[in-house]
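Here is what each chain is made of, one letter per residue.
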Number of protein chains: 2
Amino acid sequence: MFDQDGPVLGIDPGVSRCGYGAVSGSGSRPRAVAYGVIRTSPADPLADRLAELAGELDGLVREVRPSAVAVERVLFQNNARTAMSVGQASGVALVVAARLGIPVAHYSPNEVKLAVAGHGAAGKEQVQAMVARLLDLPDVPKPPDAADALALALCHAGRSGLRSATAAAAAGAAAAGTEVDPDARRHDHLGPGPARPVEGLRRAVAAALAREGGS
Amino acid sequence: MFDQDGPVLGIDPGVSRCGYGAVSGSGSRPRAVAYGVIRTSPADPLADRLAELAGELDGLVREVRPSAVAVERVLFQNNARTAMSVGQASGVALVVAARLGIPVAHYSPNEVKLAVAGHGAAGKEQVQAMVARLLDLPDVPKPPDAADALALALCHAGRSGLRSATAAAAAGAAAAGTEVDPDARRHDHLGPGPARPVEGLRRAVAAALAREGGS
């Protein structure tokens, strides 16, 4: 099931609406492979809705064959009313990924904003507009849950791109006998990083922001 | 899998410790069939821990063959720090129950306290002591997660007992041509109920409290 060259699947968990978005091609040319939402009916018992969600997510993961699943690290105090169902849907999604052997990465909302919109205080609409721009989509993906899931996938794809670039730089430096910070791969790709320019999402975000500023 | 004469399985969800407790014999002589906790290691990735929990719960339900699963309706604002993992474990437990065709009932902490200790403001220790007393256990079940799960099972078993008693009373009254409140079965078994005395947890709680007061 696990395909190391597969896309990154972002999941924005929820029981009524669970957003998903798959992004392939880490680096400067990310592409949306699939996105949408899984809905369950409020008329059904909660346990049945969660089981239905589990079945749908299982089918989605088998179809997309992602290299990784990216989910939000929810901060519950900001979201008390819907917190329970977000947690429940998130637990279901994580079990589906684990059972199919797909690695899971967790990102805070601020990490996603930073990666996709260039700063951690970006508004929701700003992040969604950047998702459309980075993925070269004609419109902002609807509903917002799908756009949020794509943002998560972009965040992870950007970091993976950095990790690859950093690993390549480290390998090159090692071959040349140069010392490289062994912790470089842990640096945020928008924070202090390796000395060489990093191809990838960072550059794409900067270019998109520049276009926006110049238009 | 579903056995309508099986015990009630209470589940107190958590990722580090998930309490469970199965109670058979709704009514005045409830009995603990099984109780304990499922633990997962904080050293493992969250998704793997949740998948392990799902597997353990699946095995437990197949073994216990419950007539119903009772879980807590968590109030998240009271519990912000652990809220996320409680929600995740709860989602996993609900999917296990739904997939095996077991009906799920949800109770608020106050409903459980009211059913087991006789009043909704009872302390945690008081509820746990009542669990031991009602189930005729030599000691309070340890860890507390197991006692909390048994309290949930007792709460549901008590209500089921009321429903049976109410249905029987209604059937008797209908046979005698007496009018019966059609909503009686929805009454809380500690609130206004049918005119006839209800055998079951309510009487057992009252007796236990009287013993306590008289000792």
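All of these numbers come straight from a predicted model, not from anything done at the bench.

A. Region of interest: the overall build of chain A. Scanning chain A from N- to C-terminus turns up 6 helices and 5 strands. Ordered by position in the sequence, the α and β elements of chain A form the string β-β-β-α-β-α-β-α-α-α-α. The buried share of chain A, taken over its 215 residues, is 49%. Long-range pairs, those at least 24 residues apart, make up 66% of the contacts in chain A with a sequence separation of at least 6. Summing over all exposed atoms, chain A offers an accessible surface of approximately 10,100 Å²; the carbon and sulfur share of this is 50%.

B. How the structure looks around the relation of the copies chain B and chain A. Between chain B and chain A, which share one sequence, the superposing operator has a rotation angle of 180° and an axial displacement of 0.0 Å; the RMSD is 0.0 Å. Taken together, the rotation and translation describe the operation of a two-fold axis. Most of the interface of chain B is mirrored in chain A, where 100% of its interface residues are also at the interface.

C. Expanded view of the sheet that holds strand 3 (residues 31-39) of chain B. All names here are of chain B. One open sheet accounts for 5 strands, arranged 3-2-1-4-5; its pairing is mixed. Strand pairing shows two members of the sheet lacking a second neighbour, strand 3 and strand 5 (104-107), which therefore form its edges. Ignoring strand direction, the axes of neighbouring strands in this sheet form an average angle of 20°. For strand 1 (residues 8-12) and strand 2 (residues 17-24), the ladder comprises 5 bridges, and the chain directions are antiparallel. From the neighbouring strand, Asp12 faces strand 2, where its bridge partner is Gly19.

D. Quick peek at the interface of chain B and chain A. Across the contact, 23 residues belong to chain B and 23 residues belong to chain A. Both faces considered, chain B and chain A share a buried interface measuring about 1,800 Å² in area, 76% of it formed by carbon and sulfur atoms. Counting across the interface, chain B meets chain A through 0 salt bridges. For the interface between chain B and chain A, the tally reads 4 residue pairs in polar contact (both at pLDDT 80 or more). When contributions to the side of chain B that touches chain A are tallied by element, the ones reaching two or more residues are helix 1 (46-64), helix 2 (83-99) and strand 5 of chain B.

E. Geometry of helix 1 (residues 46-64) of chain A. In a regular helix each residue adds 1.5 Å, so 19 residues correspond to 27 Å; helix 1 of chain A covers 27 Å between its end C-alpha atoms and thus fits that length. Residues of helix 1 of chain A that are buried: Ala47, Arg49, Leu50, Ala51, Leu53, Ala54, Leu57, Leu60, Val61 and Val64 of chain A. Packing partners of the buried residues in helix 1 of chain A comprise strand 1 (8-12), strand 2 (17-24), strand 3 (31-39) and helix 2 (83-99) of chain A together with helix 2 and strand 5 of chain B. Of the residues flanking the end of helix 1 of chain A, it is Arg65 of chain A, one or two places downstream, whose phi is positive at about 50°.

F. Representation of the pairing of strand 2 of chain A. Residues and elements named next belong to chain A. Among the 8 residues that make up strand 2, 7 are buried, leaving the element largely enclosed by the rest of the structure. Counting the residues between successive antiparallel strands, the hairpin from strand 1 to strand 2 contains 4 residues. Judged from the 8 bridges that link them, strand 2 and strand 3 form a sheet pairing that is antiparallel. Bridge pairing in strand 3 links Ser24 to Arg31.

G. Examining the nonpolar core more closely. Core analysis: the biggest nonpolar cluster contains 56 residues, and Leu9, Ile11 and Leu57 of chain A together with Leu9, Ile11 and Leu57 of chain B have the highest contact counts within it. Here Leu57 of chain A is in contact with Ile11, Cys18, Ile38, Ala93 and Val96 of chain A, once residues within four sequence places are set aside.

Cut-offs and rules
- Residues numbered from 1 in each chain as written.
- Chains lettered and ligands numbered in written order.
- Predicted model: local features only at pLDDT ≥ 70, side-chain atom pairs only at ≥ 80, totals over all residues.
- Heavy atoms only, no water.
- Helix = DSSP H or I, 4+ residues; strand = E, 2+ residues; numbered from the N terminus.
- Buried < 20%, exposed > 50% of the residue type's maximum accessible area, 1.4 Å probe, protein only.
- Contact = heavy atoms within 4.5 Å.
- Areas by Shrake-Rupley, 256 points an atom, 1.4 Å probe, with all protein chains shown as cover.
- Least-squares fit on C-alpha atoms with pLDDT ≥ 70 in both.
- Pairing = 2+ DSSP bridges.
- Axes fitted to C-alpha atoms, helices over the stretch in contact; angles between N-to-C directions.
- Buried area = accessible area lost by both parts, 1.4 Å probe.
- Salt bridge = Lys/Arg side-chain N within 4 Å of Asp/Glu carboxyl O.
- Polar contact = N/O pair within 3.5 Å; in protein donor to acceptor, adjacent residues only side chain to side chain.
- Expected span 1.5 Å × (residues − 1).
- Core = buried A, V, L, I, M, F, W, Y, C linked by side-chain atoms within 4.5 Å.

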